[in-house]
Each structure stands twice: as C-alpha cells, then as structure tokens.
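Residue-level structure breakdown
Listed below are the residues making up each chain.
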Amino acid sequence: DTPAERWQQYNLFQCANQGSAVIERLYRGSVKIQKAIHIRRRKIGNFRSVYKGMVWCSMPRAAAEYADEYIRVYPKYLKDLYRCYLPEEIFFQTLFLNSAEWKDKIITDNLRYTDWSIRNGSIPAILDDSDTDRIISSGAYFARKIDPVISEGLIEKLKCRQND
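Residues numbered from 1 in each chain as written. Predicted model: local features only at pLDDT ≥ 70, side-chain atom pairs only at ≥ 80, totals over all residues. Heavy atoms only, no water.

Here we look at the overall build of the protein chain
Scanning the protein chain from N- to C-terminus turns up six helices and two strands. Helices and strands in the protein chain line up, N terminus first, as α-α-α-α-β-α-β-α. Relative to a compact globule of 164 residues, whose C-alpha radius of gyration would be 15 Å, the protein chain shows 19 Å and is clearly more extended. Its C-alpha atoms give the protein chain principal-axis dimensions of about 60 × 40 × 25 Å. A buried classification covers 30% of the 164 residues belonging to the protein chain. Across the protein chain, the fraction of contacts at a sequence separation of at least 24, relative to all contacts at a separation of at least 6, is 61%. As displayed, the protein chain has an accessible area near 10700 Å², and 56% of this comes from carbon and sulfur atoms. Computed over 26 positive and 21 negative side-chain charges, the separation of the two mean positions in the protein chain equals 11 Å. (Helix = DSSP H or I, 4+ residues; strand = E, 2+ residues; numbered from the N terminus. Rg over C-alpha atoms; globule rule 2.2 N^0.38 Å. Buried < 20%, exposed > 50% of the residue type's maximum accessible area, 1.4 Å probe, protein only. Contact = heavy atoms within 4.5 Å. Areas by Shrake-Rupley, 256 points an atom, 1.4 Å probe, with all protein chains shown as cover. Lys, Arg positive; Asp, Glu negative; His and termini not counted. Charge placed at Lys NZ, Arg CZ, Asp CG, Glu CD.)

Quick word on a positive patch on the surface
Among the surface-exposed residues, R40, R42, K43 and R48 lie close enough to one another that they form a single positively charged patch. Turning to its location among the elements, R48 is positioned in the loop between α1 (21–36) and α2 (61–73). (Patch = residues over 30% accessible without salt bridge, like charges linked within 9 Å, V, L, I, M, F, W, Y side chains within 5 Å. Salt bridge = Lys/Arg side-chain N within 4 Å of Asp/Glu carboxyl O.)

Examining a nonpolar patch on the surface
A contiguous nonpolar surface patch, about 640 Å² in accessible area, is contributed by M54, V55, W56, W116, I118 and I123. Relative to the assigned elements, M54 resides in the loop between α1 and α2. The exposure class of M54 is partly exposed, given its relative accessible area of 33%.

Side note on the packing of aromatic side chains
This model, assessed by the stated rule, comprises eleven aromatic pairs. With centroids separated by 4.6 Å and ring planes inclined at 85°, the aromatic side chains of F91 and F92 adopt a geometry described as edge-to-face. Note on F92: relative accessible area 26%, which makes it partly exposed. Ring centres 5.8 Å apart and planes at 20° place the aromatic pair F92 and F96 in the stacked group. Of this pair, F92 and F96 are both found in helix α4 (residues 91–97), four residues apart, which corresponds to roughly one turn of the helix. We classify F96 as buried; its relative accessible area is 7%. Just above the ring of Y85 sits the side chain of R28; from NZ or CZ to the centre is 5.4 Å. Between R41 and the ring centre of Y10, over which it is positioned, the NZ or CZ distance is 4.2 Å. (Phe/Tyr/Trp six-rings, centres within 6.5 Å; stacked < 30°, edge-to-face > 60°. Lys NZ or Arg CZ within 6 Å of the ring centre and 35° of its normal.)

Following this line, the structure appears as structure tokens:
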C-alpha cells in the first residue's frame, strides 16, 4: 500500500536538495496546490496499482534481469518515477507485485535489522553493542547502520559469536 501523494502528485523538486527544510516545505506546498486543482497521476508506467516497500532488498538474478529488461522495453516506467516522491521505495515493489511471474514469490521479510529510532546521532540509529541481543534474536542476516567507531563493541561481539 502506498500513500497516494508519493506517486499521484508530481515532485517538482526531485533535483533539489531533498534534505533541505525549505525544499520540503516547497514540495508539500506544491502537493497541496496539485490536490486543490485536481492534478494527479493515474498510473506509473503501465501500472494503476502502486506498491511501496524498503529500499534495501534482495532478489535472485532472474528478478534483477526481469527488472532490467522491463525498463528497457518500457522506459516510460522510469520516466514516470523520476517525478515521484521517494521513487526508490516503489520501483521494485510496483514492478514485481504487478507481474504475474513475480507477485507470488515476494517474501516480505527483508532480512535486515534496522532500529528506526534516533540514536547515536542518526535515524535509523547507528547500532552499538546494546543491540547485540536484538540483532541475534531478529533472525536477520544483515544489520543497518554500522559505524566502525560507534559499533566497535557490537562488531566484536558478533565476531565472537560467529567463531562459537
């Protein structure tokens, strides 16, 4: 499920500094104007159903080849995504969930441990040794975010566990 404003309204500030508070306010204002005058996209590429998910994902080579071939044959899909808000969160999800070949093969566990709180000066949080037990019990194969200094204790604990 995707919030409509992420794809139905045009992001006129895609090339601008997305981290800027001014750009964010301009974007939000442009969305309000587009809604008020009933400007909205009805589809992305050939798709009327649009889906969202994590940017970080894993896929078999055949899925990556399918995505590559699709955008070669239907370049309008990429063109339409260019003016979306956070297009990287809908690129693969929309493509695969609208595909007869791939929609039933999607597994919604991205196998990544992420702490979305603000900690160690970052969101998502930079993980530290206090995260060790949560990472291990999560069943995830990957962890995000690791910093060589802040996460040093965590790295050592995980290395020790690997050697057990």
